[in-house]
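# Residue-level structure breakdown
Here's the letter readout for the chains.
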Amino acid sequence: MGADLRTGALAALAGLDLVTTARLRMLLAHHEPGEALAVAAGRCRPHPAVEPMMTPELRRAWALSAAQREHGEWAARCARVGVGAITLADEAFPEVLRSDPQPPAVLFFRGDWTALDVRRVGIVGTRNATGPGCDFAATLGRQLAEQGVTVVSGLAKGIDGAAHRGVLRADGRRAVGVVANGLDSPYPRVHRELWNAVAEGGLLLSEWPPGTEPEKFRFPLRNRIIAGLSELLVVVESRERGGSLTTAREALERGVDVMAVPGSINNRAAAGTNQLIRDGATPVTEVADILLALGLDHRRSHPTAFDSRPLPRGAEALVLDRCRADPSTLDTIVAELGFSITDAAMTLARLERSGWVRESGGWFEEVGPWA
Amino acid sequence: MIASIPSASVLGVRGCPVTVEVHVGDGLPGYHMVGMPDTACRESRDRVRAALASCDFKWPSRSITVNLAPTSQRKSGAGLDLAIAIGVLVASEQLPVADVAGHAFLGELGLDGTLRSVPGVAPMVDSLDAIDVVVPVENAREAQIAARGMPRIAADLATVVTCLVGARAWEPVPLSSHSDEAPALLPDLSDVRGQPVARRALEIAAAGGHHMLLIGSPGSGKTMLAQRLPGLLPPLDRDDSLETTMVHSAAGLRLPPGGLIRHPPFRAPHHTTSVVAMVGGGSHQLRPGEVSLATNGVLFMDELGEFARSALEGLREPLEEGVIRVARAAARATMPARFLLVAATNPCPCGGGPPGSCQCDDHARGRYLRRLSGPLADRFDLRVVVHRPAVDELLGADGGEPSASVRHRVVAARAVALERAGKVNAALSPDDLDEFAPLAAGARTVLRNEIERERLTGRGYHRIRRVARTIADLSDPGEPIVTLGHVELALAMRASLRGPAITDSRWIA
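Residues numbered from 1 in each chain as written. Chains lettered and ligands numbered in written order. Predicted model: local features only at pLDDT ≥ 70, side-chain atom pairs only at ≥ 80, totals over all residues. Heavy atoms only, no water.

Within chain B, the secondary structure is distributed over 21 helices and 18 strands. Dimensions of chain B, computed from C-alpha atoms along their principal axes, come out at roughly 100 × 50 × 45 Å. Out of the 509 residues belonging to chain B, those deemed buried represent 52%. In chain B, the share of contacts with a sequence separation of at least 24, taken over all contacts with a separation of at least 6, comes to 73%. (Helix = DSSP H or I, 4+ residues; strand = E, 2+ residues; numbered from the N terminus. Buried < 20%, exposed > 50% of the residue type's maximum accessible area, 1.4 Å probe, protein only. Contact = heavy atoms within 4.5 Å.)

Spelled out as structure tokens, the structure:
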């Protein structure tokens, strides 16, 4: 069967009603994709091992939806977007996922598999991230990519997106993104360019065929893939509950070490990561911590990007330190540092103009060196 | 015989003279009222009849016709009862015409003849200027404010008649023993702990008449701050006091014991208030709405995003022109609507807070903030973010500066502004700004910078200059030039409404 049609068959299969990873795995273990589609459509007799799985209800549901999913059509659709598909049977299937407790049955991809051939670190975090949190994630991404380490992440808003942006600034080949919907429709929409950049330079993966919507239940499933593909997982920011903690749990189940970035006690987005550290995760405050954990020579010097911002002095330095510790407001500067309101306003305005702080909704946060 | 009795009714905030003509003649006994009375007005027949009987007068069993002139205007309410009763008495010759000459009559009658108060007496008396007006006792103070001479008061119909025929002297109006409402009743700024920026913003708003938007999470003290603004404003001068009193009287609100309203009113309509209640109107009487009641004072709109779009639209005319024009099929009225607008809102639906604590997704937040845009967004000269005070500040020993000393500065700054330009700083036009609020070089550079970075529109530029002028008047009175410090503080008080979302678009390499 031609590669295109095979992809089309897999895309048609993976999108059937009532299909799950376990069922797909069972089906594909005993049938070629084209044949498997025929079995699902009821045109072909299933393998004896597959027979017990095919309850009348399942047969009915699959027959109905298979009738609307024609593999030629799907092949064309995948070809249009540049999406390929592999299964456990293929050589290209990542080794590390073969031995996963719950391996995916099929992986749809855009990009280049060689992105997985080097050391791999997962970077995840909350969507409700702070400015400094995103800055640090981007810095880590860039510095890891500079060291030739691939960064695996979910392309979500906040930390995930920031991490990959950092990677793209250094080496686009080191980006591996795993998403929870079809590869033809960037989600979230604001990350459209990021998606395409990751797909072109690195690798974009999904368990689901093009056209799949990013429903909530798919995200935890996607998180296990991120955990599965990583040698190390770094959680940059998380609230007391969140998807990145799910990913951390999946990582621990697979024996993947979890590291976390500590944060201020006043920062809600650091509550989860601080708890992870309490539970035994190694703290990360710079990329050297990660490289050390990977066993890479962390003494190899990496040039620090030149920071062109004028160094703050005196009153400005005081205010910047305060913003560095925690996001501050005009009130904070006046009350805690004893500035007059006018002086506080002028100092913060000067810092903002020279690029040291960023204001949003009345809160001033420090801006890290450009990732 | 025909009796012609002067009376009045209210349209908007003005009184309209009404002539009550009563004709008692031959024909089948009956009572007919013409002249576009509303239901309450029509019911006057029963009230007047019972009142006359209670006072031992006869109800003529002939054909009685009552005409409320002019016919083109709707009459509403029970305020014409007294005039109708007197008219019936005169027309049926139970009261000599000569005795009622030169008097007008206002008041509602009870079935036992008691004279009850009616709303709007002040504007009504004002419109009847050349005549002596007879009013109920409770309306004495209002009538006194507007009347040229002493109003005539009476407790019931019988007294009115007795005094008219000369058998008794009119009761004198009791002198007001209360001094004007004690300023101590207004909430004091010293109750506010910490929050230095918000307090300063209140001072600036009061001194320059700048409309202010308070943005903050629930519990940050926005309502508390807004309620303390009237305490910072100077008492009303004579003309404004009279205007405000007329409006409140026309709306039927209770006036202070002294009669005149001397302090800027504070109106805080709930966000479920109807458009008509907000703006004024109604089908018959065109009563003043909240915008008029807040004239010369403060209109506080809490939860700005929850107000109906139509209510917000209704504010456009008052904010632009200082009046509100209400028109109905039968009548129209122009009412004053000049106030200091203070509004409060959350930064987003979940309440917001420090970066990282917001639970809203961008879509919900965008939708919430879009409700605030439109007619009002650009009107606010000051947009201040209010944060919850820290625990130490809340429980700390000393309160902040009391209202009295802040008011001192506000009054001084206002005086400077009025002397300089004849109006408060919020009313300065762009030309006025060039003349009265010249910028120092450093300030001009900073503003140019902001405009170039597209963080300031043309309108925003003028607003900053107005606020900076007020800040200068407060901190360096007498200093003609607006300096960098003033401008920076003004810029700090124009927080962005975007909320703590990192806009990622600029990052894509």
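A separate point is the environment of B:Ile215. As for its placement among the helices and strands, B:Ile215 is situated in strand β10 (residues 212–216). Each C-alpha atom of the pair B:Ile215 and B:Val386 lies 5.8 Å from the other, and the pair is 171 residues apart in sequence.

On to the packing of helix α8 (residues 159–170) of chain A against helix α9 (residues 192–201) of chain A. Residues and elements named next belong to chain A. Between α8 and α9, the shortest axis-to-axis distance is 11 Å and the interhelical angle comes to 50 degrees. Classed by the angle they form, the pair α8 and α9 counts as oblique. Crossing geometry of α8 relative to α9 is assigned as left-handed. Mapping the contact onto sequence places Gly-161, His-164, Arg-165 and Leu-168 in α8 and Leu-194, Ala-197 and Val-198 in α9. (Axes fitted to C-alpha atoms, helices over the stretch in contact; angles between N-to-C directions. Parallel < 35°, antiparallel > 145°, perpendicular 65-115°, else oblique. Left-handed = near helix turned anticlockwise from the far one by under 90°.)

On to helix α11 (residues 243–253) of chain A. Residues and elements named next belong to chain A. Listed as buried for α11 are Ser-244, Thr-246, Thr-247, Ala-248, Glu-250 and Ala-251. For α11, the elements touching its buried residues are β3 (120–124), α10 (218–229), β7 (232–235), β8 (257–260) and α12 (271–278). Among the residues trailing α11, Gly-255 stands out with phi positive, at a value near 75 degrees.

Given a rise of 1.5 Å per residue, 12 residues ought to cover 16 Å, and the 17 Å separating the end C-alpha atoms of helix α14 (residues 314–325) of chain A matches this to within 8%. On the buried face of α14(A), the contacting elements are α15 (330–337), α16 (341–353), β10 (357–360) and β11 (363–366) of chain A. (Expected span 1.5 Å × (residues − 1).)

Here we come to the interface of chain A and chain B. Across the boundary between the two partners, chain A contributes 35 residues, which contact 34 residues of chain B. For the pair chain A and chain B, the summed buried surface comes to about 3200 Å²; carbon and sulfur atoms form 59% of the total. The three residues of chain A that bury the most area against chain B are A:Asp331, A:Ile341 and A:Arg353, which together make up 20% of that side's buried surface. Between chain A and chain B we count two salt bridges in total. Measuring nitrogen to oxygen at the nearest pair gives 3.1 Å for the salt bridge that ties A:Arg353 to B:Glu488. Among the residues forming the side of chain A that touches chain B, the class breakdown is 13 nonpolar, 10 polar and 12 charged. (Buried area = accessible area lost by both parts, 1.4 Å probe. Salt bridge = Lys/Arg side-chain N within 4 Å of Asp/Glu carboxyl O. Nonpolar A, V, L, I, M, F, W, Y, C, P; charged D, E, K, R; others polar.)

This paragraph deals with the pairing of strand β18 (residues 382–386) of chain B. Residue and element names in this part refer to chain B. Within β18, five of the five residues are buried, which leaves the element mostly enclosed by the surrounding structure. Burial along β18 is two-sided: the face carrying Leu-382, Val-384 and Val-386 and the face carrying Arg-383 and Val-385 are both buried. Across five bridges, the pairing between β10 and β18 is parallel. Looking across to β18, one finds that Ile-215 is bridged to Val-385. (Pairing = 2+ DSSP bridges.)

A few words on the pattern of salt bridges. A complete count under the given rule lists 40 salt bridges over all chains for this structure. Between A:Glu365 and A:Arg358 there is a salt bridge, with the nearest N and O atoms lying 3.9 Å from each other. For A:Glu365, a relative accessible area of 2% gives the class buried. The structure contains a network of salt bridges with shared partners spanning A:Arg353, B:Glu450, B:Arg453 and B:Glu488.

Another point: empty space enclosed by the protein. All names here are of chain B. Across all of its chains, the model carries five cavities of 30 Å³ or more by this definition. Roughly 60 Å³ of internal volume is contained in the largest cavity. Every residue along the wall of the largest cavity is listed here: Leu-11, Gln-73, Arg-74, Ser-283, His-284, Leu-286, Arg-328, Ala-330 and Ala-331. Empty space within the second largest cavity amounts to approximately 50 Å³. What lines the second largest cavity is Val-137, Ile-153, Ala-154, Ala-155, Thr-159, Cys-163, Arg-168, Ala-169, Trp-170 and Glu-171. Elements with a contribution of two residues or more to the lining of the second largest cavity: β9 (152–154) and α7 (157–165). (1 Å grid on protein atoms, 1.4 Å probe; cavity = no way out; pocket = protein on both sides within 12 Å on 5 of 7 lines; lining within 4 Å. Points joined across faces, edges and corners; volume = space filled by probe spheres on them.)

Looking along a regular strand, one sees side chains alternate from face to face of the sheet. Residue and element names in this part refer to chain A. With five of its five residues buried, strand β5 (residues 175–179) lies for the most part within the structure. Going residue by residue along β5, you find Ala-175, Gly-177 and Val-179 tucked away on one face and Val-176 and Val-178 tucked away on the opposite face as well. Sheet topology note: the strand β4 (residues 150–153)/β5 ladder contains three bridges and is parallel. What sits directly across from Val-151, in β5, is Ala-175. Where the polypeptide runs from β4 across α8 and back to β5, its parallel neighbour, the crossover connection is right-handed. (Right-handed = clockwise from strand over helix to strand, strands pointing away.)

A few words on the sheet that holds strand β2 (residues 14–25) of chain B. Residue and element names in this part refer to chain B. Spatially, β1-β2-β4-β3 is the arrangement adopted by the four strands of the open sheet, whose pairing is mixed. Only two strands of the sheet have a single partner each, and these edge strands are β1 (2–11) and β3 (30–34). Within the sheet, the average angular offset between the axes of one strand and its neighbour, ignoring direction, is 20 degrees. Across 10 bridges, the pairing between β1 and β2 is antiparallel.

To continue, consider the sheet that holds β3(A). Residue and element names in this part refer to chain A. Read across the open sheet, the nine strands follow the order β1-β2-β6-β5-β4-β3-β7-β8-β9; overall the sheet is mixed. Two strands lie at the open edges of the sheet, namely β1 (84–87) and β9 (282–283), each paired on one side alone. Note that β3 and β4 share three bridges and pair parallel. Of the residues in β4, the one forming a bridge with Val-121 is Val-151.

Once that is clear, we can look at the packing of aromatic side chains. In this structure the tally under the stated criterion is four aromatic pairs over all chains. Note on B:Phe266 and B:Phe300: the rings are 6.1 Å apart at their centroids and 25 degrees apart in plane angle, and the pair reads as stacked. Within this pair, whereas B:Phe266 is found in strand β11 (residues 266–267), its partner B:Phe300 is found in strand β14 (residues 298–301), the two being separated by 34 residues in sequence. Residue classification places B:Phe266 among the partly exposed positions, given a relative accessible area of 27%. Here the basic side chain of A:Arg127 rests over the ring of A:Phe219, its NZ or CZ set 5.3 Å away from the ring centre. In this structure, A:Arg218 packs its charged tip against the face of A:Trp208, placed 5.2 Å from the ring centre. (Phe/Tyr/Trp six-rings, centres within 6.5 Å; stacked < 30°, edge-to-face > 60°. Lys NZ or Arg CZ within 6 Å of the ring centre and 35° of its normal.)

Residue and element names in this part refer to chain B. Relative to the helices and strands, Arg-267 resides in strand β11. In terms of polar contacts, Arg-267 uses its side chain to reach the side chain of Glu-290, at 2.8 Å. Filtering out sequence-adjacent residues up to four positions away, Arg-267 remains in contact with Leu-253, Glu-290, Leu-293, Ala-294, Val-298, Leu-299 and Phe-300. (Polar contact = N/O pair within 3.5 Å; in protein donor to acceptor, adjacent residues only side chain to side chain.)

Our next topic: the nonpolar core. If you look at the biggest cluster of nonpolar residues, it comprises 63 residues, and the most contacted ones within it are B:Met212, B:Leu214, B:Leu229, B:Val342, B:Leu382, B:Val487 and B:Met493. Here the element with the most residues in this core is helix α8 (residues 196–208) of chain B; it accounts for eight residues. Apart from the residues lying within four places of it in its own chain, the contact partners of B:Leu229 are B:Leu202, B:Ala206, B:Val298, B:Leu340 and B:Val342. Ranked by size, the runner-up nonpolar core spans 62 residues in total, among them A:Ala36, A:Phe108, A:Leu194 and A:Ala199. (Core = buried A, V, L, I, M, F, W, Y, C linked by side-chain atoms within 4.5 Å.)

Turning our eyes to something else, we now look at the side chain of B:Ser292. Residues and elements named next belong to chain B. Take Ser-292: it is sitting in helix α12 (residues 290–293). Overall, Ser-292 belongs to the buried group, its relative accessible area being 1%. Here Ser-292 is in contact with Val-247, Ile-324, Met-335, Pro-336 and Ala-337, once residues within four sequence places are set aside.

Before going further, it helps to examine the packing of helix α20 (residues 458–475) of chain B against helix α21 (residues 484–492) of chain B. All names here are of chain B. Where α20 contacts α21, the axes come no closer than 8 Å and their chain directions differ by 120 degrees. In terms of orientation, α20 lies oblique with respect to α21. Considering only the axes of α20 and α21, their crossing is right-handed. The residues of α21 that touch α20, namely those facing Ile-464, Val-467, Ala-468, Ile-471, Ala-472 and Ser-475, are His-486, Val-487, Leu-489, Ala-490 and Leu-491. Residues belonging to the contact of α20 with α21 are distributed by class as follows: nine nonpolar, two polar and no charged.

Function cannot be inferred from these measures alone, as they are strictly geometric.
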